[in-house]
Amino acid sequence: SSKWNCLQKFILLEAEDHFCNKRYERAKESYDDAIMFSRQHKFINDEAIACELAGYFLLEVGETASSIDYIIQAHEKYHKWGAIGKASVMFQYFQSISTVKLPVGIEPPVSRELA
């Protein structure tokens, strides 16, 4: 097993540990590292999860505007990965925390059965 298969997950776990222990700056760095590493090695599923968790973290620490950016990224990555149901959940979550209009091109996912 290559370290590339697991490193982004380990970094994400570190981010969650930092968050739980109120080391917020280190948590933010670790979330971003997990996202970057996942993107770099084309682990779109892990990138989606890391974006989602980073969004929740930022919302919890009061950075709502930044949180929304990560939630939108999570929505896009879940949709691209084919996790349509999860993408829909992220879209609904975005709507529940935001009063801003969605950026152009961000729309609720359509089920493959309906497409």
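From a predicted model like this one, the values you see are computed outputs, not experimental measurements.

Engineer: Give me the lowdown on unusual backbone geometry, citing residues and values where you can.
Structural biologist: For Lys22, which is not glycine, the phi dihedral falls at a positive 60 degrees. Of note, Lys22 is situated in the loop between helix H1 (7-20) and helix H2 (24-40). Since its relative accessible area comes to 61%, Lys22 is described here as exposed.

Engineer: Break down the packing of helix H3 (residues 44-60) against helix H4 (residues 64-81) for me, with residues and values.
Structural biologist: In contact at an axis separation of 8 Å, H3 and H4 are set at 160 degrees when each is read in the N-to-C sense. As judged from the angle between their axes, H3 and H4 are roughly antiparallel. In the packing of H3 onto H4, the handedness of the crossing is left-handed. Within the contact between the two elements, H3 uses Ile44, Asn45, Glu47, Ala48, Ile49, Cys51, Glu52, Ala54, Gly55, Tyr56, Leu58 and Leu59 and H4 uses Thr64, Ser66, Ser67, Tyr70, Ile71, Gln73, Ala74, Lys77, Tyr78, Lys80 and Trp81. Residues that form the contact of H3 with H4 fall into these classes: 13 nonpolar, six polar and four charged.

Engineer: Residues and numbers for the environment of Ser98, please.
Structural biologist: Along the chain, Ser98 falls in the segment after helix H5 (84-97). Each C-alpha atom of the pair Ser98 and Thr64 lies 8.5 Å from the other, and the pair is 34 residues apart in sequence.

Engineer: Give a description of the packing of aromatic side chains that names residues and reports values.
Structural biologist: Ring pairs (aromatic) are described by centroid distance and by the angle formed between their planes. Under the definition given, this model contains five aromatic pairs. Ring plane angle 55 degrees and centroid distance 6.2 Å describe the contact between Phe19 and Tyr24, whose orientation is recorded as tilted. Residue Phe19 is classed as buried on the basis of its relative accessible area, which comes to 19%. Among the residues examined, Tyr24 registers a relative accessible area of 35% and is labelled partly exposed. Here the aromatic residues Phe19, Tyr24, Tyr31 and Phe57 are joined through ring pairs into a cluster of three or more.

Engineer: Hey, could you go over the side chain of Asp46 for me, with residue numbers and the actual values?
Structural biologist: Within the fold, Asp46 resides in helix H3. A polar side-chain atom of Asp46 sits 2.6 Å from a polar atom in the side chain of Gln8. Ignoring any residue separated from it by four or fewer positions in sequence, one finds Asp46 in contact with Gln8, Lys9 and Ser38.

Engineer: Describe the nonpolar core, with residues and values.
Structural biologist: Counting residues in hydrophobic clusters, the biggest one holds 24 residues, and the most contacted among them are Tyr31, Ile35, Phe57 and Tyr78. Setting aside anything within four residues of it in sequence, one finds Ile35 in contact with Glu47, Ala50, Cys51, Ala54 and Tyr70.

Engineer: Could you give an account of a negative patch on the surface, with specific residues and numbers?
Structural biologist: On the surface, Glu14, Glu25, Glu29, Asp33 and Glu63 cluster together into a patch of negative charge. Ranked by residue count, the leading element in the negative patch is H2, at three residues. Looking at the secondary structure, you find Asp33 in helix H2. Residue Asp33 is classed as partly exposed on the basis of its relative accessible area, which comes to 36%.

Criteria and cut-off values
Residues numbered from 1 in each chain as written. Predicted model: local features only at pLDDT ≥ 70, side-chain atom pairs only at ≥ 80, totals over all residues. Heavy atoms only, no water. Helix = DSSP H or I, 4+ residues; strand = E, 2+ residues; numbered from the N terminus. Buried < 20%, exposed > 50% of the residue type's maximum accessible area, 1.4 Å probe, protein only. Axes fitted to C-alpha atoms, helices over the stretch in contact; angles between N-to-C directions. Parallel < 35°, antiparallel > 145°, perpendicular 65-115°, else oblique. Left-handed = near helix turned anticlockwise from the far one by under 90°. Contact = heavy atoms within 4.5 Å. Nonpolar A, V, L, I, M, F, W, Y, C, P; charged D, E, K, R; others polar. Phe/Tyr/Trp six-rings, centres within 6.5 Å; stacked < 30°, edge-to-face > 60°. Polar contact = N/O pair within 3.5 Å; in protein donor to acceptor, adjacent residues only side chain to side chain. Core = buried A, V, L, I, M, F, W, Y, C linked by side-chain atoms within 4.5 Å. Patch = residues over 30% accessible without salt bridge, like charges linked within 9 Å, V, L, I, M, F, W, Y side chains within 5 Å. Areas by Shrake-Rupley, 256 points an atom, 1.4 Å probe, with all protein chains shown as cover. Salt bridge = Lys/Arg side-chain N within 4 Å of Asp/Glu carboxyl O. Lys, Arg positive; Asp, Glu negative; His and termini not counted. Charge placed at Lys NZ, Arg CZ, Asp CG, Glu CD.

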